[in-house]
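Tertiary structure, described
Okay, here's what each chain looks like letter by letter:
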Amino acid sequence: MNEQTVPRTPPRRVGVGFHPSLDGAADLARRLAAQVEAAGIDVWLAPVGWNQTDQTPHREIADTELLVCVGGDGTVLHASGIAAGTGASLLGVRMGRLGFLSECTEAEAEDVLARALAGEGRVERRAMVRAAVAGHEAAHALNDVVVGRGGLGRTISAAVRVDGVLLAEYRADAVIISTATGSTGYALSVGGPILPPLSRDLVLVPVAPHLTKANPLVLPAEADLRLTIERGFDAVMSVDGATEQPLEAGAELRLGVSEHTVGFLRLGPTSHFYSTLADRLGWLRADHAVRSSPSAD
C-alpha cells in the first residue's frame, strides 16, 4: 500500500460544511447532516467560505474525523486550510461544477456518504506547499502559492534559486509554485505539467514572462527553493487564491513541501484520477466518453 494512502474505519464525529451563497448547498448540507445524525454519529454543520465570520469549523475541527464539503473546489480549498494538520479527511460534494477536488456529485452525495459512514474507502494524503517570509508566519497551500503583481499593467522581477543555484530571473506577471493537487489548476492553464495526485514534487511556472522562455519546471520534494523580489519591484503573495500578503522589494520567500498534509476520502479506484482528467479536460471523443463517478468500475 502506498504510504500516502491509508484504510479507514467509521468516523465518530463528522462536520458538514457548505458554500454559503451557492444555490442548494445549504439545503443539501442539512440533509447530509441529518443523515449522519440518524446513523448515531456526532455531527456539526456550518458555512465554509473565504469571508465567513462563523468560526465553528475552526473550533470543531480538532475532534472531527470526516469533513463533508458541499460546493465547488473553492469550498474544498478553504476546508483544506481548516483541516490541514488534523486528523480530518475531506469528502467533496460537487454542486454542478466541474471540479477536480470533489469525490461525488450532488445526486450521488447521500449514497456516497452512507458508504463513508460505514468505513468504506481509503484516505489519500495530499502534499501542501509551505511559503515563509522572514518576520511572518508561514503559509500552507493545497493548490498553489502565486507571487504576482499588485496592479494591472505591472510586472514583477524575481530571482529564483534552487539548492543555492540561481536558476532564473523572471520579469513576468507572476510565478506559480504548485503542488500536485494544484497542477490541474492555475498552473495547468499557463502550460504547466499535470502531476499524479500523490506526488510530493512541486511545479514552478512563470506567467507571461517578458523576453524569457516560459519553461515550467518540476522540482523534487527535498529541493530548497527561494524566490527573491528584485529591487525596485513590489509584489503580492496569494495562497490558494484566498489570503494575500504584500512582498516588498528585496523580500525573500522560502518555499518547500509543507509538514502538513490534507486527507481526501476516496471511494473510487485509483484510476479515477485519470478518468476524471480525460472527462473534464475533454481529451476524448464523445463516443469514447468515460464515467468519472466514484462508483465507476
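Residues numbered from 1 in each chain as written. Predicted model: local features only at pLDDT ≥ 70, side-chain atom pairs only at ≥ 80, totals over all residues. Heavy atoms only, no water.

1. Quick notes on the overall build of the chain
The line we're drawing: In this description a helix means any DSSP run of H or I spanning at least four residues, a strand means any run of E spanning at least two, and both kinds are numbered starting from the N terminus. Here the radius of gyration uses the C-alpha set of atoms, whereas the globule reference equals 2.2 Å times the residue count to the power 0.38. Working definition: with a 1.4 Å probe on protein chains only, accessible area under 20% of the residue-type maximum means buried, over 50% means exposed, and in between means partly exposed. Note on contacts: a residue pair qualifies if any of its non-hydrogen atoms lie within 4.5 Å across the two residues. Residue exposure ignores everything except the shown protein chains as possible cover, and the areas themselves are Shrake-Rupley values with a 1.4 Å probe. Only four residue types enter the tally: Lys and Arg on the positive side, Asp and Glu on the negative side, with His and both chain ends excluded. All charge positions are set by atom: Lys at NZ, Arg at CZ, Asp at CG, Glu at CD.
Within the chain, the secondary structure is distributed over six helices and 18 strands. Its C-alpha atoms give the chain a radius of gyration of 20 Å, near enough to 19 Å, the size a compact globule of 297 residues would have. When the backbone C-alpha atoms are referred to their principal axes, the chain occupies close to 60 × 45 × 40 Å. Taken across its 297 residues, the chain has 52% of its residues classed as buried. For the chain, long-range pairs separated by at least 24 residues make up 67% of all intrachain contacts whose partners lie at least 6 apart in sequence. Of the roughly 13600 Å² that the chain leaves accessible, carbon and sulfur atoms contribute 49%. Within the chain, the 35 negative side-chain charges are centred at a point lying 2 Å from the centre of the 26 positive side-chain charges.

2. Structural notes on the side chain of Thr184
Checked against the element boundaries, Thr184 lands in the loop between strand E12 (174–178) and helix H5 (186–189). Among all residues touching Thr184, those that are not within four sequence positions of it are Phe100, Ile194 and Leu277.

3. A word on the packing of helix H1 (residues 25–38) against helix H4 (residues 109–117)
Filter applied, for reference: Lines fitted to C-alpha atoms define the axes here, with helix axes fitted over just the stretch in contact, and angles between the N-to-C directions of these axes take values from 0 to 180 degrees. In a left-handed crossing the near helix is turned counterclockwise from the far helix by less than a right angle, and in a right-handed crossing that turn is clockwise. Only Asp, Glu, Lys and Arg are considered charged, only Ala, Val, Leu, Ile, Met, Phe, Trp, Tyr, Cys and Pro nonpolar, and every remaining residue, Gly among them, polar.
Relative to each other, H1 and H4 sit at 30 degrees, their axes nearing to 11 Å. For the pair H1 and H4, the crossing hand works out as right-handed. Listed contacts from H4 to Leu28, Arg31, Leu32, Gln35 and Val36 of H1 are Ala109, Glu110, Leu113, Ala114 and Leu117. Looking at side-chain class alone, the contact of H1 with H4 contains seven nonpolar, one polar and two charged residues.

4. With respect to the pairing of strand E18 (residues 252–266)
Here is the rule we go by: What makes two strands pair is DSSP finding at least two bridges between them.
Inspection of the sheet shows strand E5 (residues 89–94) paired to E18 by two bridges, in the parallel sense. Within the sheet, the bridge partner assigned to Leu90 lies in E18 and is Phe264. Where strand E7 (residues 122–133) meets E18, eleven bridges bridge the pair, whose relative direction is antiparallel. From the neighbouring strand, Arg126 faces E18, where its bridge partner is Val262. Sheet topology note: the strand E15 (residues 225–229)/E18 ladder contains four bridges and is antiparallel. Along E18, the bridge assignment pairs Thr228 with Glu252.

5. Some details on the pattern of salt bridges
Cut-off, in case you're wondering: Here, a salt bridge means any side-chain nitrogen of Lys or Arg that lies within 4 Å of a carboxyl oxygen of Asp or Glu.
Applying the stated criterion to the full structure yields 13 salt bridges. Two residues, Arg115 and Glu120, come together in a salt bridge whose shortest N-O distance is 2.9 Å. Accessibility expressed as a relative area gives 36% for Glu120, which makes it partly exposed. Taking the shortest distance from any N to any O, the salt bridge between Glu252 and Arg226 comes out at 3.5 Å.

6. What about the pairing of strand E4 (residues 66–71)?
Across a regular strand the side chains alternate sides, sitting on one face of the sheet and then on the other. Test applied: A clockwise course of the path from the first strand over the helix to the second, judged with the strands pointing away from the viewer, identifies a crossover as right-handed.
Most of E4 sits inside the fold, with six of its six residues counted as buried. On E4, burial covers both faces: Leu66, Val68 and Val70 on one face and Leu67, Cys69 and Gly71 on the other are all buried. As defined by bridge partners, E4 adjoins E5 across six bridges and the pair is classed as parallel. Across the sheet, residue Val68 finds its bridge partner in E5, namely Leu91. Where the polypeptide runs from E4 across helix H3 (residues 73–83) and back to E5, its parallel neighbour, the crossover connection is right-handed.

7. So, helix H6 (residues 272–280)
Buried residues dominate H6, accounting for seven of its nine residues. Among all positions in H6, only His272, Phe273, Ser275, Thr276, Leu277, Ala278 and Arg280 are buried. Where H6 terminates, the next one or two residues include Gly282, which has phi positive at roughly 65 degrees.

8. A short note on the packing of aromatic side chains
Convention followed: Two rings belonging to Phe, Tyr or Trp (six-membered ring only in the last case) form a pair when the distance between their centres is within 6.5 Å. Interplanar angles under 30 degrees mark stacking, angles over 60 mark edge-to-face geometry, and anything in between is tilted. Geometrically, a charge over a ring is one whose NZ (Lys) or CZ (Arg) sits within 6 Å of the ring centre while staying within 35 degrees of the ring normal.
For the structure on display, the rule yields one aromatic pair. Seen in terms of ring centroids, Phe273 and Tyr274 are 5.0 Å apart; in terms of plane orientation they differ by 80 degrees. Their pairing is edge-to-face. Look at Phe273 and you get buried, because its relative accessible area is 16%. Above the face of the Phe264 ring, Arg126 is positioned so that its terminal group lies 5.3 Å from the ring centre.

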